[in-house]
Amino acid sequence: MCPPVPEPGPDVPETGPEVAGALIRRGDAGYETARSRAVWNELRPERFPEAVVRVTSETDVAHAVRYARTHGLRVSLRSGGHNWSGSPLRDGSLLLDLSGLRECRLAPATDTAPATVTVEPAATGQELVAFLTPQDLAFPVGHCPSVAVGGFLLSGGLGWNSRAWGASCADVLEIRAVTADGRTVTCSEREHPELFWAARGAGPGFCAAVTRFRLALHPHPASIMTTSLTFPMAELARVTEWTERVARGLPPYVEVAFVLQPAEPAADGAPGLRITVGATAFAATRREALQALEPVADCPFGELAVTRQPPAPTSFAALHEGAAVLWPPLHRYAADTLWSPESYPTQLGRIADVVARAPSGKSLVLSPVQPVSSEPALLRNMAFAPLGESYLVCYAVWEDPAADDANEQWLRDVMAAADPQGDGRHYIAEADLEADAARPRRSYAPATWDRLQEVKAEWDPDNVFHSYLAP
């Protein structure tokens, strides 16, 4: 067992850890810049690490963890900083900024082994796409281009084409991690399997610092095509009922999602809403993609759509460009998720009126139909699991700091309407962790939650790494 962490002292020592990157103490010049860049969101919580270390290597991470133990500091981690609740920012912590670790290395296929890629935690989905596409390879990266793989994979990962490929963490073959006692270990199904299991879904409560992921890859789809239709609020019931029925019958390589956004008020002054149905096929041929999208493109009431995009070729890079419009940088965000046993018509019908009254026109609700494969083989040996028949994630998106309270309250109102009994499940990557102390626990099945606590007790008995953020 590790020696106990000493009680925190009043100051961070002048001598920093033996790392190439700088140690910046609270009060130093540059501290606020280092603290602020730990969160991509412009809405930054008022939580203040005692020091920030921007590491440059795996060795740096090990030195920094040992330094934190020696000096009574708990450790928090930042890869890309996309956690909407700002989990990397913790009072009294040593913040390990991993954003300098972004290398990608390909191991080409051989006669006996398929190609794999090793990525460091701060590499973004956009960077991984640019690296793999010329090799005619692909990976289910996150929908938002600037999301780093570290937090994304640790949380499970609901990426592009995950109905076919499964949760992104299903393709994690091996990790390298620095543990609470400063050791560096390799984890896989054969080595340290319990820590490996937790690394595939534990999210921001994971009890080690991952410095490297080795990933299985997929052949790049030969044809990616997309189509969409946008309808007014009055058609919501018809659109959701028809789309859910159609989507569940499509091949698994077709991704279908609803997007609800506020629109211009109606003629009578009532709040407006628009609902978009988007479908993207990741197919082996153009003909196969067109055939797969045909049931959506030929919507029987398509004439009611206010806009429609016929099936057209696209790419992972173009899909990322479109997603960047929905999640623009330099904005303020709050987000929450819900897995529910209810149908999509029921869930989206419950929230429509509240969404229409959003204080910001940039806010939205994204609700993918079957967001991830439920095939047992693709859910094996991981802490992540889909926890309901329907899924939605609500994003409050705004710019004015004076509107913080209104937008955060709107998010809570949407989620209360979607989950009136308060007993729904959540996805740890985008849960509103400050809404309720039970959010982390309710992001897992009960047995999974208990097992995560056992892994934490074994690998981090002195709680060196900050666990899940709570109010």
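Residues numbered from 1 in each chain as written. Predicted model: local features only at pLDDT ≥ 70, side-chain atom pairs only at ≥ 80, totals over all residues. Heavy atoms only, no water.

An unreviewed UniProt entry lists the protein under the name FAD-binding oxidoreductase, from Streptomyces sioyaensis. In its Sequence similarities (unreviewed entry) section, UniProt records this for the protein: "Belongs to the oxygen-dependent FAD-linked oxidoreductase family." Word for word, the UniProt comment on the protein under Cofactor (unreviewed entry) is "FAD". (UniProt positions renumbered as here; feature names shortened; annotations may be inferred.)

Trainee: Any chance you could break down the overall build of the protein for me, citing the residues and the numbers?
Mentor: Within the protein one finds twelve helices and 18 strands. Relative to the globule expectation of 23 Å for 471 residues, the C-alpha radius of gyration of the protein, 22 Å, shows essentially globular dimensions. Taking the principal axes of the C-alpha coordinates as reference, the protein spans close to 70 × 60 × 40 Å. With 471 residues in all, the protein has 58% of them scored as buried. A separation of at least 24 residues holds for 75% of the contacts in the protein among residues at least 6 apart in sequence. In the protein, 40 positive and 57 negative side-chain charges are present, and the distance between their average locations comes to 2 Å. (Helix = DSSP H or I, 4+ residues; strand = E, 2+ residues; numbered from the N terminus. Rg over C-alpha atoms; globule rule 2.2 N^0.38 Å. Buried < 20%, exposed > 50% of the residue type's maximum accessible area, 1.4 Å probe, protein only. Contact = heavy atoms within 4.5 Å. Lys, Arg positive; Asp, Glu negative; His and termini not counted. Charge placed at Lys NZ, Arg CZ, Asp CG, Glu CD.)

Trainee: A description of unusual backbone geometry should follow, citing residues and the corresponding values.
Mentor: The backbone of His-192 shows a phi angle near 45 degrees, a positive value even though the residue is not glycine. Within the secondary structure layout, His-192 lies in the loop between β9 (184-187) and α6 (193-199). Classification of His-192 as partly exposed rests on a relative accessible area of 31%. With a phi angle near 60 degrees, Asn-381 is a residue other than glycine that sits in the positive phi range. Following the sequence through the fold, Asn-381 ends up in the loop between β17 (364-369) and β18 (390-398). Classification of Asn-381 by relative accessible area gives partly exposed; the value is 22%.

Trainee: So, the pattern of salt bridges: which residues are in play, and what are the values?
Mentor: Pairing between side chains of opposite charge can happen when the charged atoms of each approach one another. For the coordinates displayed, the defined rule picks out 24 salt bridges. For Arg-176, the salt bridge goes to Glu-58, with nearest N and O atoms at 2.6 Å. In this pair, Arg-176 sits in strand β8 (residues 172-178) while Glu-58 sits in helix α2 (residues 58-70), placing the two residues 118 residues apart along the sequence. The closest approach of N and O atoms between Asp-460 and Lys-456, which form a salt bridge, is 2.7 Å. Overall, the relative accessible area of 2% leaves Asp-460 in the buried class. Here the residues in one salt-bridge network are Arg-37, Arg-78 and Asp-97, joined through shared partners. (Salt bridge = Lys/Arg side-chain N within 4 Å of Asp/Glu carboxyl O.)

Trainee: Which residues make up the domain arrangement of the protein, and what values do they have?
Mentor: Here the protein is partitioned into domain 1 (22-97), domain 2 (104-219) and domain 3 (223-443). Carbon and sulfur atoms make up 62% of the surface buried where domain 2 meets domain 3, a total of about 2,700 Å² over both sides. Among the residues domain 2 hides against domain 3, the three largest losses belong to Leu-158, Trp-160 and Arg-163. Together they make up 32% of the total. Counting across the domain 2 and domain 3 interface gives one salt bridge. Note that Glu-189 and Arg-380 form a salt bridge whose closest N and O atoms lie 2.9 Å from each other. The tally of links between domain 2 and domain 3 comes to 18 residue pairs in polar contact (both at pLDDT 80 or more). Looking at the side of domain 2 that touches domain 3, the elements that each hand over two or more residues are α3 (125-132), α5 (162-165) and α6. Looking at the side of domain 2 that touches domain 3, the element that brings in the most residues is α5, giving four residues. (Domains from an automatic or database assignment. Buried area = accessible area lost by both parts, 1.4 Å probe. Polar contact = N/O pair within 3.5 Å; in protein donor to acceptor, adjacent residues only side chain to side chain.)

Trainee: Go over the sheet that holds strand β15 (residues 307-313) with me, naming the residues and quoting the values.
Mentor: On the basis of which strands lie adjacent, the open sheet formed by seven strands has the order β15-β12-β14-β13-β17-β18-β16 and antiparallel pairing. Both edges of this open sheet fall to β15 and β16 (332-340), since each of them pairs with a single strand only. Averaged over all pairs of adjacent strands, the angle between strand axes in this sheet comes to 15 degrees, irrespective of strand direction. Across three bridges, the pairing between β17 and β18 is antiparallel. (Pairing = 2+ DSSP bridges. Axes fitted to C-alpha atoms, helices over the stretch in contact; angles between N-to-C directions.)

Trainee: Any details on α3? Residues and values, ideally.
Mentor: Since one α-helical turn is 3.6 residues long, residues separated by three or four positions face the same way. Those residues of α3 not exposed but buried are Gly-125, Leu-128, Val-129 and Leu-132. Down the axis of α3, the buried set is contained in an arc of 100 degrees. They therefore lie on one face. Turning to α3, the residues buried within the fold contact β5 (104-107), β6 (116-119), β7 (137-138), α4 (149-154), β10 (209-216) and α9 (316-326). (Arc of directions from axis to C-beta.)

Trainee: Give me the lowdown on the environment of Pro-420, citing residues and values where you can.
Mentor: Along the polypeptide, Pro-420 turns up in the loop between α11 (404-418) and α12 (446-459). Pro-420 sits 61 residues away from Pro-359 along the chain, and the two C-alpha atoms are 22 Å apart.

Trainee: Help me get a handle on the packing of aromatic side chains, residues and values and all.
Mentor: By the definition in use, this model includes 16 aromatic pairs. Each ring, one from Trp-242 and one from Phe-301, has its centre 5.6 Å from the other, and the planes form 75 degrees; the classification is edge-to-face. Of this pair, Trp-242 sits in helix α7 (residues 236-247) while Phe-301 sits in the loop between α8 (286-297) and β15, and the two are 59 residues apart along the sequence. Pair check on accessibility: Trp-242 and Phe-301 agree, each one buried. (Phe/Tyr/Trp six-rings, centres within 6.5 Å; stacked < 30°, edge-to-face > 60°.)

Trainee: Could you give an account of the UniProt feature "domain: FAD-binding PCMH-type" (unreviewed entry) in the protein, with specific residues and numbers?
Mentor: As annotated by UniProt and renumbered to match this structure, "domain: FAD-binding PCMH-type" (unreviewed entry) occupies residues 45-220. Measuring from the first to the last C-alpha atom of residues 45-220 gives 40 Å, for a span that is 22% helix and 26% strand.

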